[in-house]
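What follows is each chain in one-letter form.
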Amino acid sequence: MPSRGELIMERLIPYHDGKFVGLNYENVFHLTIAVILSAQSTDVAVNKATPAFFERFPDAKALAEADVEEVKEYIKSIGLYNTKARNIVALSRILVEKYGGMVPNTMEELTALPGIGRKTANIILSVGFDRTVGIAVDTHVFRISHRTGLSQGKTPNAVEKDLLREIPRKYWKYANHILVTHGRNICTARKPLCTQCPIEDLCEKNGVRGKD
DNA sequence: ATCCCGAGGG
DNA sequence: CCCTCTGGAT
């Protein structure tokens, strides 16, 4: 008998666009920067800023030598730009000094870097290195997990722990983007389109919508 | 006013 | 656990 998590995955897969992230990137370093920039922002906003940004700062070496104030200019249109600019430059310096300009590929090394928490590390490992060790829990995954009763965890970490139990491992690599896509298109934070929802019968908050 | 593919600090 | 950082979209 398929688990609830598996049912949800199977129902949503037909709506999946085949990608693992909506962010545009051409290598692991760009992916890393793009994911950092995407915090509390939309992928559309990030994709709009990254072309000019990566032209000016193509790699870790360029960013390690960059002036933080100049970096800010390129990401001003994205939220939280002060912290992000500082973190990106600090992170790039560490990559150059400690990793030869490359992005490390373990959870421990990644989360030790400035600006990279577990969510960002999960994406980098899974999408950038094909080393899926968890499921990235962002605002969409968090919200949908609660609404569907997959988890009642109060923190992203607690929710991830539940998801790893509820969702079979073969879906892990796709899980984040499948849920994000559903969260953006149907199960939105405000006024979710429940009548168009392919998993409405599996949802615990059928119809009525409060906070989550 | 509220939310967006969060992280870090208190 | 809570708060703050932030512009842009809705």
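Because the structure is a prediction, the values reported are computed rather than measured.

J.: Give me the lowdown on the pattern of salt bridges, citing residues and values where you can.
T.: Scanning the model with the defined rule gives 10 salt bridges in all. Across the pair aspartate 43 and arginine 184 runs a salt bridge, and its minimum N-O distance is 2.7 Å. One end of the pair, aspartate 43, is in helix α3 (residues 43–56); the other, arginine 184, is in helix α11 (residues 172–185), with 141 residues separating them in the sequence. Look at aspartate 43 and you get buried, because its relative accessible area is 15%. Note that glutamate 69 and lysine 72 form a salt bridge whose closest N and O atoms lie 3.1 Å from each other. With glutamate 69 and lysine 72 both in helix α5 (residues 68–75) and 3 residues apart, the pair spans about one turn of that helix. With relative accessibility at 12%, the residue lysine 72 sits in the buried group. Members of the salt-bridge network, linked through shared partners, are Asp162, Arg165 and Glu166.

J.: Quick rundown of helix α2 (residues 28–37)? Include the residues and the values.
T.: Given 3.6 residues per turn, any residue in an α-helix points the same way as the ones three and four places further on. Along α2, 9 of the 10 residues are buried, which leaves the element largely enclosed by surrounding structure. Among the residues of α2, Phe29, His30, Leu31, Thr32, Ile33, Ala34, Val35, Ile36 and Leu37 are the ones counted as buried. Buried residues along α2 sit against α3, α4 (60–64), α5, α6 (81–99) and α8 (118–129). A distance of 3.1 Å separates the backbone nitrogen of phenylalanine 29 from a side-chain oxygen at the start of α2, and that oxygen is part of asparagine 27.

J.: Help me get a handle on the layout of surface pockets, residues and values and all.
T.: The space that makes up the largest pocket amounts to roughly 810 Å³. In terms of lining, the largest pocket is formed by 34 residues, of which the most central are Ser38, Ser41, Lys119, Asp138 and Thr139. Those elements that place two or more of their residues in the lining of the largest pocket are α2, α6, α8, α9 (139–147), α10 (156–166) and α11. For the lining of the largest pocket, the element with the highest residue contribution is α8, accounting for 5 residues. Of the residues contributing to the lining of the largest pocket, the split by class is 12 nonpolar, 15 polar and 7 charged.

J.: Please give an account of the protein's contact with DNA strand C that cites residues and values.
T.: Taken together, Gln40, Lys76, Ser77, Gly79, Leu80, Tyr81, Asn82, Thr83, Lys154, Thr155 and Arg190 make up the full set of residues near DNA strand C. Taken together, the sugar and phosphate atoms account for 61% of what DNA strand C places within 4 Å of the protein. Within the backbone of leucine 80, an N or O atom sits 2.6 Å from a base oxygen of DNA strand C. Within the side chain of asparagine 82, one N or O atom sits 2.6 Å away from a phosphate oxygen of DNA strand C. Split by residue class, the surface near DNA strand C holds 2 nonpolar, 6 polar and 3 charged.

J.: Which residues make up the protein's contact with DNA strand B, and what values do they have?
T.: Among the 25 residues in the neighbourhood of DNA strand B, the closest are listed as Gly22, Gly115, Thr120, His140 and Arg143. For DNA strand B, the fraction of atoms within 4 Å of the protein that belong to sugar or phosphate moieties is 63%. Backbone polar atom of glutamine 40 to a phosphate oxygen of DNA strand B: 2.7 Å apart, as the coordinates give it. In the environment of DNA strand B, a phosphate oxygen lies 2.4 Å from a nitrogen or oxygen atom belonging to the side chain of threonine 120. Put simply, the parts of the chain that give the surface near DNA strand B at least two residues each are α8, α9 and α11. By residue class, the composition of the surface near DNA strand B is 8 nonpolar, 11 polar and 6 charged.

Thresholds, definitions, all that
Residue indices follow the written sequence of each chain, beginning from 1 at its first position. Chains and ligands are labelled sequentially in the order written, the chains with letters from A and the ligands with numbers from 1. Local features in this predicted model are restricted to residues whose pLDDT is 70 or higher, and side-chain atom pairs enter the listing and the counts only when it is 80 or higher, whereas totals over whole chains, interfaces and linings include all residues. Each side-chain value is worked out from all heavy atoms of the structure, with water and hydrogens disregarded. Salt bridge, as used here: a side-chain nitrogen of Lys or Arg that lies within 4 Å of a carboxyl oxygen of Asp or Glu. In DSSP terms, a helix is any run of H or I states spanning at least four residues, a strand is any run of E spanning at least two, and both are numbered starting from the N terminus. To sort residues, take the accessible area from a 1.4 Å probe on protein chains only and compare it with the maximum for the residue type: under 20% means buried, over 50% means exposed, and anything in between is partly exposed. Residue contacts are defined here by distance: any two heavy atoms, one from each residue, within 4.5 Å place the two residues in contact. Here a polar contact is recorded for every N or O atom pair within 3.5 Å, except that within protein the pair must consist of a potential hydrogen donor and a potential acceptor, and residues adjacent in sequence are included only if both atoms are side-chain atoms. Both site types are read off a 1 Å grid over the protein atoms alone. A 1.4 Å probe that fits but cannot get out defines a cavity, while an open set with protein on both sides within 12 Å along at least five of seven lines defines a pocket; lining residues have an atom within 4 Å of a point. Grid points are joined across faces, edges and corners, and a volume is the space filled by probe spheres set on the points. Three categories are distinguished: nonpolar for Ala, Val, Leu, Ile, Met, Phe, Trp, Tyr, Cys and Pro, charged for Asp, Glu, Lys and Arg, and polar for the others, with Gly belonging to the last. When at least one non-hydrogen atom of a residue lies within 4 Å of a molecule or strand, that residue is treated as near it.

By themselves these figures say nothing about function.
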